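# Architecture and fold: a report
What follows is each chain in one-letter form.
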Amino acid sequence: MPVSNATRAAIDVCDLAPEYIRAIAPYQPGKPIAELARELGLDPDCIIKLASNENPLGVSPLAMQAIHGALADTARYPDGNGYELKQALSAHYGVNAAQCVLGNGSNDVLELAARSFLAPGMEAIYSQHAFAVYPLVVQAVGARGIEVPARSFAHDLDAMLKAVSPRTRMVFLANPNNPTGTLIRAAELLRFLEAIAPRIIVVLDEAYNEYLPDDLKTDTIAWLSRFPNLVITRTFSKAYGLAGLRVGYALAQAGVADLMNRVRQPFNVNSFALAAAAAALGDVEFVRRGYELNQRGMRQVTQGLTKLGLEFIPSFGNFVSFKAGDAGSVYQRLLRHGVIVRPIAGYGMPQYLRVSIGLESENGRFLDALSKSI
Ligand SMILES: *Cc1c(COP(=O)(O)O)cnc(C)c1O
């Protein structure tokens with residue numbers, strides 16, 4: 001006897017998902033240019049997007065060349081071990097290839113860390129106003145996320161240490177953090193690593209590392225040999241200009257990397273991303289230009305915000321969050337001027353907007369539109 005339609009209709013299949021899955025709040029990405037163009041009937045070429053911390057210089061020419069080179073092999077599966085990219089990372093950072101985990105964006109490696117070490121009944125700690133992907137990946141594996149209140153928008157490392165319980169297995173630190181742009185200084189970070197129980201994995205997310213000036217850069221990779229519980233994640237999406245390809249990586253002790261690699265989908269990074277990332281890593285000149293453009297742009301934008309009488313949180317990334325009062329309305333008015341920024345109410349900052357640093361002309365247009373939108 002087939003199941004009756006009435007029986008079928010009486011069941012909501014969504015109820016079959018675990019409660020912790022149903023409770024996940026969807027991630028809210030920056031609005032794509034094409035979507036705004038459709039919604040407002042604007043010419044896409046007249047829209048500027050400063051909403052996702054993308055690289056205003058575009059793609060490194062060396063990476064572009066590598067992508068073209070990889071096209072002819074599209075019928076083949078990518079190298080599931082990412083040999084060339086791992087060799088490049090290994091040479092660049094002086095680590096062993098066995099310490100590298102490649103991901104479909106660093107979001108992927110964040111998830112691999114959660115899936116490797118967390119399960120229901122365990123806890124992971126992260127800061128208030130920290131990157132939205134941490135609660136997502138923790139909840140998706142049924143572990144409990146513990147959000148620790150921030151101090152002046154920055155990670156409160158002492159409070160995070162105090163939040164450790166026997167169930168804690170992981171701590172996420174974003175440095176610099178997105179969307180606040182705050183930085184944990186090296187000495188403070190080191191004290192935290194020395195104090196935390198070695199049974200707790202510390203995921204140090206350094207997505208914006210390349211935007212730090214030399215005097216604030218710390219050789220955290222050198223700490224891997226001392227702290228076997230440390231997992232460093234970085235990305236090709238920001239300073240390397242490859243956000244659309246999705247490629248990032250984790251560096252950890254070989255045993256941890258091996259676990260994460262076992263959890264990973266065999267072909268999680270596509271051929272173009274692998275080729276482009278290896279080439280981009282060697283394009284030191286491109287990263288340097290991006291860094292300098294960002295330094296100048298940051299000055300331009302923050303001076304402009306100050307002139308408009310708007311408070312902002314001093315940032316070490318390629319973006320800055322500023323207080324816009326009725327941020328939702330200001331966001332909407334900016335959209336009508338063809339300028340896309342990022343509302344961050346979902347990060348517990350309903351009065352703030354985050355703007356990515358763009359080209360000088362884009363920053364200028366943003367400031368002009370903002371002056372008419374507040
Ligand atoms: C942008 C960003 C990432 C990078 O994400 P990808 O998946 O590599 O594009 C990671 N962490 C933080 C804090 C970010 O802001």
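Each value, and the rule that gives it
Residues numbered from 1 in each chain as written. Predicted model: local features only at pLDDT ≥ 70, side-chain atom pairs only at ≥ 80, totals over all residues. Heavy atoms only, no water. Helix = DSSP H or I, 4+ residues; strand = E, 2+ residues; numbered from the N terminus. Polar contact = N/O pair within 3.5 Å; in protein donor to acceptor, adjacent residues only side chain to side chain. Contact = heavy atoms within 4.5 Å. Pairing = 2+ DSSP bridges. Axes fitted to C-alpha atoms, helices over the stretch in contact; angles between N-to-C directions. Core = buried A, V, L, I, M, F, W, Y, C linked by side-chain atoms within 4.5 Å. Buried < 20%, exposed > 50% of the residue type's maximum accessible area, 1.4 Å probe, protein only. Salt bridge = Lys/Arg side-chain N within 4 Å of Asp/Glu carboxyl O. Near = heavy atom within 4 Å. Areas by Shrake-Rupley, 256 points an atom, 1.4 Å probe, with all protein chains shown as cover. Phe/Tyr/Trp six-rings, centres within 6.5 Å; stacked < 30°, edge-to-face > 60°. Lys NZ or Arg CZ within 6 Å of the ring centre and 35° of its normal.

## With respect to the side chain of S315
- With respect to the helices, strands and loops of the structure, S315 is situated in the loop between β9 (312-313) and β10 (319-323).
- Within the local environment of S315, its side chain forms a polar contact with the backbone nitrogen of G317, the two atoms lying 3.0 Å apart.
- Here the side chain of S315 touches F319 through a polar contact of 2.6 Å, landing on its backbone oxygen.
- In this structure, S315 is in contact with G181, M298 and V320, ignoring residues within four places of it in sequence.

## Quick word on the sheet that holds strand β6 (residues 201-205)
- Read from one edge to the other, the open sheet built from 7 strands follows the order β2-β8-β7-β6-β5-β3-β4, with strand pairing classed as mixed. The open sheet has two free edges, formed respectively by β2 (100-103) and β4 (144-148), since each of these has just one partner strand. In this sheet, neighbouring strand axes are inclined to one another by 20° on average, regardless of whether the strands run parallel or antiparallel.
- For β6 and strand β7 (residues 230-235), the ladder comprises 4 bridges, and the chain directions are parallel.

## Overview of the nonpolar core
- With 51 residues, the main nonpolar core has L89, Y93, L173, L230, F236 and L242 as its most contacted residues.
- It is helix α11 (residues 271-281) that contributes the most residues to this core, 7 residues altogether.
- Excluding anything up to four places from it in sequence, L230 contacts L193, V202, L204, T220, W223, L224, L251, A252 and Q253.
- One finds V109, M122, A124 and A174 within the second-largest nonpolar core, a separate group that totals 35 residues.

## So, the pattern of salt bridges
- The tally for this structure, following the rule as stated, stands at 14 salt bridges.
- Measuring nitrogen to oxygen at the nearest pair gives 2.7 Å for the salt bridge that ties E206 to R234. Of this pair, E206 sits in the loop between β6 and β7 while R234 sits in strand β7, and the two are 28 residues apart along the sequence.
- A residue is classified by how much of its surface remains accessible, and E206, at 3% relative accessible area, is buried.
- One network of salt bridges, with partners in common, ties together D15, E19 and R22.

## Some details on the site of the ligand
- The environment of the ligand is formed by G105, S106, N107, F131, N178, D205, A207, Y208, T235, S237, K238 and R246.
- For the ligand, an oxygen atom lies 2.4 Å from a polar atom in the side chain of N107.
- Measuring from an oxygen atom of the ligand, one finds a side-chain N or O atom of K238 at 3.3 Å.
- Protein burial of the ligand: of its 390 Å² of free accessible surface, 94% is covered by the chains.

## So, unusual backbone geometry
- With an omega of -5°, the peptide bond running from N175 to P176 counts as cis.
- Looking at where P176 falls in the secondary structure, it is placed in the loop between β5 (168-174) and α9 (186-195).
- In this structure, P179 follows N178 across a cis peptide bond, with omega equal to 15°.
- With respect to the secondary-structure elements, P179 resides in the loop between β5 and α9.
- The backbone of N53 shows a phi angle near 55°, a positive value even though the residue is not glycine.

## Quick word on the packing of aromatic side chains
- Tallied over the entire structure, the rule returns 9 aromatic pairs.
- Ring geometry for Y77 versus F267: centroids 4.7 Å apart, planes at 25°, classification stacked. Taken as a pair, Y77 in the loop between α4 (61-71) and α5 (83-93) and F267 in the loop between α10 (254-263) and α11 lie far apart in primary sequence, 190 residues in all.
- Accessibility expressed as a relative area gives 66% for Y77, which makes it exposed.
- Look at F267 and you get partly exposed, because its relative accessible area is 42%.
- Measuring from ring centre to ring centre gives 5.0 Å for Y208 and F319, while their planes differ by 65°; the resulting arrangement is edge-to-face. Separated by 111 residues along the polypeptide, Y208 in the loop between β6 and β7 and F319 in strand β10 bring together distant segments of the chain.
- Among the aromatic residues, those joined into a cluster by ring pairs are Y93, F236, Y240 and Y249.
- Lying over the aromatic face of F319, R354 brings its terminal NZ or CZ to 5.8 Å of the ring centre.

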